[in-house]
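# Examination of the molecular architecture
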Number of protein chains: 2
Amino acid sequence: MEKSNIIAFPPLPSVARGSVTDQVYRHLRDGLMAGRFAPGQRLTIRDLAEALGSSPTPVREALRRLQAEGAFEFSGTARLSVGQLSEGQLRDVRDARVALEGLLAERAAARMTCVDDAEVRQLYGRLQAAADAVEVTTYLWTNFSFHRRIYQIARAPMILSAVENFWLLIGPCFVLVAADADHLQRSMEAHRQILDALLDRDAPAARAAVTDDIMQAANCLSRVLDKAAKECSVAKTQAKDMPA
Amino acid sequence: MEKSNIIAFPPLPSVARGSVTDQVYRHLRDGLMAGRFAPGQRLTIRDLAEALGSSPTPVREALRRLQAEGAFEFSGTARLSVGQLSEGQLRDVRDARVALEGLLAERAAARMTCVDDAEVRQLYGRLQAAADAVEVTTYLWTNFSFHRRIYQIARAPMILSAVENFWLLIGPCFVLVAADADHLQRSMEAHRQILDALLDRDAPAARAAVTDDIMQAANCLSRVLDKAAKECSVAKTQAKDMPA
DNA sequence: TAGTGAGATATGTGATCACATTATGGGGAT
DNA sequence: ATCCCCATAATGTGATCACATATCTCACTA
């Protein structure tokens with residue numbers, strides 16, 4: 001049980017604290033956001049337990065938490081799979097994100113302090129670097145970190161939690177848009193506008209910039225999905241490199 | 001295991017379908033929304049399991065789901081308790097509800113059909129009856145049903161799911177506002193406006209009416225909490241009538 | 001050759017057991 | 001009388017086992 005760092009997650013600095021269930025939960029959650037799982041990908045509790053070096057029990061409990069958040073689906077009494085969103089659901093998530101993240105962006109702009117300025121600037125730099133290097137997994141994770149840091153400034157953990165739930169749902173899909181070079185550039189423009197708005201303490205501008213970012217990503221995603229609905233289905237069989 | 005209707009929930013028509021974990025989950029979730037639990041109330045897995053006639057395992061898994069939604073807290077390695085919201089968190093939930101439920105209300109007004117009219121009217125009637133009878137638990141539950149039915153018309157299950165999560169969090173607190181006779185009347189006025197707006201297919205009016213409803217409830221709650229912060233703390237020891 | 005059926009395998013589910021940790025109560029000292 | 005310490009009980013946690021059911025495989029038949 002106390003084999004140190006059982007649940008190693010190479011690129012992510014996830015601490016190995018708390019119960020085994022919590023570790024498994026964070027491992028899976030982080031993996032989801034980093035795009036390590038494909039939408040609809042099927043997996044088994046026993047395989048995950050073996051890969052993680054624990055018994056099935058904590059894996060099951062962690063999966064139940066993720067099920068509550070819609071990230072995984074226990075389809076009937078049969079099998080377990082990564083959640084996948086329909087086109088309509090993606091639109092819903094987009095609208096909900098605009099509403100919630102817009103709210104958080106406004107609050108963040110109002111509550112920004114100079115120490116926050118530095119941190120957000122630094123995260124922006126790392127995001128820029130990841131975009132230049134075109135490392136999709138790193139970019140995805142840094143992107144979430146950038147947004148999360150901003151929303152943390154808003155000091156509304158309940159809302160941030162709801163927002164992160166939505167990220168969990170779209171994470172598996174977002175590998176597709178992060179791989180699009182055009183989108184990366186447009187996205188960085190939006191991020192630049194977010195940064196500027198925050199530094200200017202301009203709440204309406206921050207909301208507008210965040211809205212732009214979300215809408216652009218959603219548009220890009222729907223375009224990619226329309227064009228390559230079949231590549232998405234073969235992607236299910238791929239992405240078997242999850243076991244540490 | 002298949003003792004019929006293990007998890008009887010007298011006033012609520014919760015179906016006894018699905019796995020035991022799901023039944024326990026729904027039981028607890030419904031109980032939360034109906035105000036059967038007090039904020040911060042402590043309970044044990046073994047007691048719940050015994051009261052529900054199952055083993056601790058499914059109870060634990062159901063609690064994990066609820067933990068993910070913030071309804072319960074596993075405080076450290078020690079004890080388990082019903083979640084409780086600070087004043088700031090209540091404000092956050094209020095703002096998030098305004099953003100999300102406003103969005104759903106707009107969509108519902110746009111997508112209403114004449115069959116929906118009848119259903120919403122009927123639910124409004126039952127809500128009025130519960131308000132007149134001043135039955136707080138029934139009113140609370142009918143209130144959630146009324147809003148849920150409206151938001152279902154919006155056909156955005158992901159967003160509705162997020163909204164229900166927030167309801168889960170405020171459920172334990174809302175027994176306090178539902179017991180306030182003045183609030184019940186003002187709330188029914190807002191509900192009347194919501195109904196009218198939906199029947200008129202007036203999206204902006206629907207958003208405004210829902211916003212009013214949420215804001216009034218939040219104001220009433222903060223007033224009650226300020227005035228009776230101590231009654232709330234003694235209420236923790238009360239509300240032991242949960243076991244079926 | 002394609003469809004269908006049964007047997008075999010695999011998988012989710014739930015109960016039970018053992019353990020580490022914490023809360024709690026009583027007894028003793030100051 | 002009050003405070004502190006230790007022993008007992010209680011609680012969350014995780015592993016293992018047994019079971020019901022879905023899925024898969026392959027032989028058999030039309």
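Overview of the structure. For clarity, every value in this text was computed on a predicted model and none was experimentally measured.

## Quick notes on the protein's contact with DNA strand C
For DNA strand C, the set of nearby residues contains 22 residues, the closest of which are Ile 45 of chain A together with Ser 19, Val 20, Thr 21 and Ser 55 of chain B. Going through the elements one at a time, α2 (45-52), α3 (56-68) and β3 (79-82) of chain A together with α1 (20-33) and α3 (56-68) of chain B are the ones with two or more residues in the surface near DNA strand C.

## Structural notes on helix α7 (residues 157-178) of chain B
Residues and elements named next belong to chain B. Its 22 residues place the ends of α7 only 27 Å apart at the C-alpha level, less than the 32 Å of an ideal helix rising 1.5 Å per residue. For α7, the principal kink sits at Pro 172 and spans about 60°. Of all 22 residues in α7, 19 are buried, a share of seventy percent or more.

## Here we look at helix α1 (residues 20-33) of chain A
Residue and element names in this part refer to chain A. With 14 residues, α1 should reach 20 Å at 1.5 Å per residue; the first-to-last C-alpha distance of 20 Å fits that figure. Taken across its 14 residues, α1 has 10 buried, putting it largely inside the fold. Against the buried residues of α1 lie α2, α3, α6 (136-153) and α7 (157-178). Gly 35, located one to two residues past α1, shows a positive phi value of around 75°.

## A few points about the interface of chain B and chain A
Listed by partner, the interface residues are 22 residues for chain B and 22 residues for chain A. Mapped onto the side of chain B that touches chain A, the elements with two or more residues apiece are α3, α4 (87-111) and α7 of chain B. At 8 residues, α4 of chain B tops the list of elements feeding residues into the side of chain B that touches chain A. Classifying every residue of the side of chain B that touches chain A gives 10 nonpolar, 5 polar and 7 charged.

Reading guide: rules and limits
Along every chain, residues carry numbers that run from 1 in the direction the sequence is written. Key to labels: chains lettered from A, ligands numbered from 1, both in the order written. Per-residue local features are limited, in this predicted model, to residues with pLDDT of at least 70; the limit for side-chain atom pairs, both in listing and counting, is 80 or more; totals at the level of whole chains, interfaces and linings are taken over all residues. The C-beta atom of each residue is placed using the backbone, and any residue whose C-beta lies within 6 Å of a molecule or strand is treated as near it. Helix numbers and strand numbers start at the N terminus; a helix is a DSSP run of H or I with at least 4 residues, a strand a run of E with at least 2. Any helix carries an expected span of 1.5 Å times its number of residues minus one. Here the bend at a residue is taken as the angle between two axes, fitted respectively to the seven residues that end there and the seven that start there. To sort residues by exposure, count the other C-beta atoms lying within 10 Å of each residue's C-beta; 20 or more gives buried, 12 or fewer gives exposed, and values between give partly exposed, all with C-beta atoms placed from the backbone. Here contacts are defined at the residue level, using C-beta atoms placed from the backbone and a cut-off of 7 Å between them. In the scheme used here, Gly and all other residues not listed as nonpolar or charged are polar, with Ala, Val, Leu, Ile, Met, Phe, Trp, Tyr, Cys and Pro taken as nonpolar and Asp, Glu, Lys and Arg as charged.

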